[in-house]
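# Architecture and fold: a report
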There are 2 protein chains.
Amino acid sequence: MSIEENKIFLPKTQIPKNWYNVLPDLPEPLGPYLGPDRQPVKVSDLAAIFPKDLIEQEVSSQAIHPIPEPVLEALSIWRPTPLVRARRLEKALGVKSRIYYKDESVSPSGSHKSNTAMAQAYYNQIAGITRLTTETGAGQWGTALAIAAKHFGLDVRVFMVKVSLTQKPYRKVIMNLMGAEVFPSPSELTKAGREALAKDPNTLGTLGLAISEAVEEAVSRPDTNYVLGSVLNHVILHQTVIGQEVQQQLALAGEKPDYLIACHGGGSNFGGLVTPYVPMLKSGEKLVAIAAEPASCPTLTAGKFTYDAGDTAGFTPLMPMYSLGTDFQPPAIHAGGLRYHGASPIVSSLLKSGLIQAQAVSAEDVFKYAKLLAYSEYVIPAPESAHALAVTCLKALELEKEGQSGCLVFTLSGHGLLDLSAYDQPI
Amino acid sequence: MSIEENKIFLPKTQIPKNWYNVLPDLPEPLGPYLGPDRQPVKVSDLAAIFPKDLIEQEVSSQAIHPIPEPVLEALSIWRPTPLVRARRLEKALGVKSRIYYKDESVSPSGSHKSNTAMAQAYYNQIAGITRLTTETGAGQWGTALAIAAKHFGLDVRVFMVKVSLTQKPYRKVIMNLMGAEVFPSPSELTKAGREALAKDPNTLGTLGLAISEAVEEAVSRPDTNYVLGSVLNHVILHQTVIGQEVQQQLALAGEKPDYLIACHGGGSNFGGLVTPYVPMLKSGEKLVAIAAEPASCPTLTAGKFTYDAGDTAGFTPLMPMYSLGTDFQPPAIHAGGLRYHGASPIVSSLLKSGLIQAQAVSAEDVFKYAKLLAYSEYVIPAPESAHALAVTCLKALELEKEGQSGCLVFTLSGHGLLDLSAYDQPI
């Protein structure tokens, strides 16, 4: 009988109790965030839109941050998430490599975004904030924040990139169901939105512009803070539960990873999986970490390492990162979460120092391997996650061709059930 | 720290190895299926559309049917499914009762339908059949069959009730992705479809008519068999893995159920949960089983126990069951899986003998408690499953009012992520 346990579960007692802060472990210290005058931003400047605790996390040199009990309780709704051995995918590919995926799709929002959404909603709540604004691309972040805000009793307004709202109408339904307001971006609600519409009424919107709208509104209201679902250091901090659980689960499986692969939009999914492995990457042990990005928005593989703003209007500080430029208009690829001109400063620093690699994949390969996962494992990945899947499959096939095999781990950062329109169109 | 295990998992070794056949345990033997001449149908008459093994199961007097190894392997992709203690729902309701749900939404299709889809695809494959036709209402069954057919290498044509196809376009995408053909019913492909369209070109379609189309096509082609996702005895047989797992899981939790509640469309979900408990129900032990149905399609609570056809055109045998009549046109409720005029003969027999109860719920209550589940457990139920949820919540509140409490178990037969349009409209 060939029925094998293919999911590695951890008991609830094994949820990581701390977040791992990679900042003190980076090969080079991160450059400071700069203001419009190119002078370092003061922590107090950020207080208009972020609560004290998150600002402290953003610049912390403390290696370990205990997870507050209410956040642990919230995470325990779905964590630890399973690590799954994709045996039928291995068979379909015809490879001897062992392929595992960390299944973040089991969260209430269907993606890894819930990890930081719960933490950010909590810190804003204890700071006396009653209302949050944010942007969302694919809708995963907006969904996660809507649920987290509901959990901690906050109101939410979401600016959703227009092209994604059109492609994924169900995302709005689910955010509304959870009590959040959702507007297509650019909207008439903000100066940044009105200017963009005046310039081009038919614009598809970008993540950068949606960030401008959300920040503009948060700055203008004392009851309202802004929350970001990726890019920033504190977001990656909250996502390190992913990599820490993978470390425990691989140990249970008797495995040591050869490849860690995650898709990269703003960097939170990749950072969450990989940063807990930075000490190992630095130690020179055999381990390759690859950030997978779309060939049509190749921030890490074709962008420039520079100081650039995180949004289109330039409301955010300038950050040291790989960027395609704030005016980069990505094509309407079906992975809204990867339509971002910039990258996390942490991931940018890791790439610049050579500790990690980046690889761009074509939409053809992304959908080819997404279908293979659907056919073999009966799992429909989010288009974002399918980028990591594609790089994983290509790498496993490459190893096979060289007569080798290895242990490859990728993050299934989300399921694709709310992104099915992406699978309904020829590439 | 208030983090508690709320999911009761079973190891893969605990997947039930047998299906439980309730037929020999029914208080009264089922009346035979009748032909158009009202004479009992001969087993050989069914051979035009069903394989031998399934026909044998349909009329079997054998208490236990071993599950074939290839089916066990297929089920092990997602089974055993978790039994979840809905503590946050209990808290939101303010009840002392313990509420559990059996989470069938974790299957590849997102619903319990995969349990029988895998079995039926297998038996057709070993009978040399290469092509299957079926109908689908909500789309859960069509999705499950598309995946099962892919698993066992068969082609599939799905007739989907037109109103459901319009409400749930993603369902077609996922079935197509898995290699199935999908047509709105009524279609021009069959005589039954063409006649219905001639009568009313704007008809919304019904499950009964879609069955007629699928049966008509299967009868006319030797390579093609018909498969049904509910109603029939062999379908309920395959679903008994649900109730058998619940028995093991409740024992692990140290619980004895007071109420078993499942929604009822054709009867497979309800039968799967409840029939393994028939010996206990007959023993006179304290246990109440309730079939939850929509007030707008009240087959069990307002239908007549009679001999009626399973489809609109009258291609199926006449079966002894509760029915609203084959020409009943249910309103366009957002629970396509419950838009059926008839009921499973097994469930009908259990109801007639007084071993089980039935309860109709209003759409208002269904969506009210669906939202409560979304708000408390961060789980969006399929509209069908929300009927069982609503009856469960109403019963728990009723017990509370009487100063009592109990152990209530309902089936979350599917998730609602592909049914979100239902949540986007006022009742």
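This is a predicted model, so every value here is computed, not measured.

Here the focus is the overall build of chain A. Along its length, chain A carries 16 helices and 15 strands. In terms of overall size, chain A behaves like a compact globule, its C-alpha atoms giving a radius of gyration of 20 Å where 427 residues would be expected to give roughly 22 Å. Along the first, second and third principal axes, the C-alpha atoms of chain A reach 60 × 45 × 40 Å. A buried classification covers 66% of the 427 residues belonging to chain A.

Looking now at the packing of helix H4 (residues 114-126) of chain A against helix H10 (residues 233-252) of chain A. All names here are of chain A. Relative to each other, H4 and H10 sit at 130 degrees, their axes nearing to 8 Å. The orientation of H4 relative to H10 falls into the category oblique. The two elements H4 and H10 cross, and the hand of that crossing is right-handed. Every residue of H10 that contacts H4 at Asn115, Thr116, Ala119, Gln120 and Tyr123 is listed here: His234, Val235, His238, Gln239, Val241 and Ile242. Considered class by class, the residues forming the contact of H4 with H10 number five nonpolar, six polar and no charged.

Residue and element names in this part refer to chain A. The strand order across the open sheet formed by four strands is E8-E7-E6-E9, and the pairing between neighbours is parallel. The strands lining the two open edges of the sheet, one partner per strand, are strand E8 (181-185) and strand E9 (224-226). Geometrically, the sheet is characterised by an average inter-axis angle of 25 degrees between neighbouring strands, direction not taken into account. Sheet topology places strand E6 (residues 131-136) next to strand E7 (residues 155-161); six bridges connect them, and they run parallel. Residue pairing for E7: arginine 131 is matched across the bridge by aspartate 155. Here helix H7 (residues 169-177) sits on the sheet in contact with E6, E7 and E8, set at roughly 150 degrees to E8.

The predicted coordinates ought not to be read in detail in places where the model reports low pLDDT. Confidence in the prediction of chain A, expressed as mean pLDDT, is 94, and 98% of residues score 70 or more. This complex was scored by the predictor with a pTM of 0.94 and an ipTM of 0.92.

This brings us to the relation of the copies chain A and chain B. Overlaying chain A with chain B gives an RMSD of 0.0 Å, the required rotation being 180 degrees about an axis along which the chain moves by 0.0 Å. In symmetry terms, the pair is related by a two-fold rotation axis. Most of the interface of chain A is mirrored in chain B: 95% of its interface residues are interface residues there too.

This part is about H10 of chain A. Residue and element names in this part refer to chain A. In this model H10 runs 29 Å from its N-terminal to its C-terminal C-alpha over 20 residues, within 8% of the 28 Å that 1.5 Å per residue would give. When the local axis directions of H10 are compared, the greatest deviation, roughly 35 degrees, occurs at glutamine 239. Burial within H10 is extensive, with 16 of its 20 residues counted as buried. Of the residues trailing H10, glycine 254 is marked for its positive phi of about 70 degrees.

Secondary-structure assignment places valine 366 of chain B in helix H15 (residues 363-377). Separated by 12 residues in sequence, valine 366 of chain B and glycine 354 of chain B have C-alpha atoms that sit 25 Å apart.

For soluble globular proteins, nonpolar side chains are generally found buried alongside one another. Core analysis: the largest hydrophobic core is formed by 198 residues, its most contacted members being Tyr423 of chain A together with Ile356 and Tyr423 of chain B. In this structure, isoleucine 356 of chain B is in contact with Phe270, Val274, Leu281, Ala289, Val347, Leu350 and Leu351 of chain B, ignoring residues within four places of it in sequence. Val22, Tyr100, Ile242 and Ala262 of chain A belong to the second largest nonpolar core, which has 34 residues in total.

Our focus in this paragraph is the interface of chain A and chain B. Interface size is commonly expressed as the accessible surface area that is lost when the partners come together. On the chain B side, the residues contacting the 42 residues of chain A number 41 residues. Together chain A and chain B conceal approximately 3,900 Å² of surface at their shared face, both sides included; 72% is due to carbon and sulfur atoms. Summed over the shared surface of chain A and chain B, the number is zero salt bridges. Taken together, the links from chain A to chain B amount to eight residue pairs in polar contact (both at pLDDT 80 or more).

Reading guide: rules and limits
Residues numbered from 1 in each chain as written. Chains lettered and ligands numbered in written order. Predicted model: local features only at pLDDT ≥ 70, side-chain atom pairs only at ≥ 80, totals over all residues. Heavy atoms only, no water. Helix = DSSP H or I, 4+ residues; strand = E, 2+ residues; numbered from the N terminus. Rg over C-alpha atoms; globule rule 2.2 N^0.38 Å. Buried < 20%, exposed > 50% of the residue type's maximum accessible area, 1.4 Å probe, protein only. Axes fitted to C-alpha atoms, helices over the stretch in contact; angles between N-to-C directions. Parallel < 35°, antiparallel > 145°, perpendicular 65-115°, else oblique. Left-handed = near helix turned anticlockwise from the far one by under 90°. Contact = heavy atoms within 4.5 Å. Nonpolar A, V, L, I, M, F, W, Y, C, P; charged D, E, K, R; others polar. Pairing = 2+ DSSP bridges. pLDDT = per-residue confidence, 0-100. Least-squares fit on C-alpha atoms with pLDDT ≥ 70 in both. Expected span 1.5 Å × (residues − 1). Bend = angle between axes of the 7 residues up to and from the residue. Core = buried A, V, L, I, M, F, W, Y, C linked by side-chain atoms within 4.5 Å. Buried area = accessible area lost by both parts, 1.4 Å probe. Salt bridge = Lys/Arg side-chain N within 4 Å of Asp/Glu carboxyl O. Polar contact = N/O pair within 3.5 Å; in protein donor to acceptor, adjacent residues only side chain to side chain.

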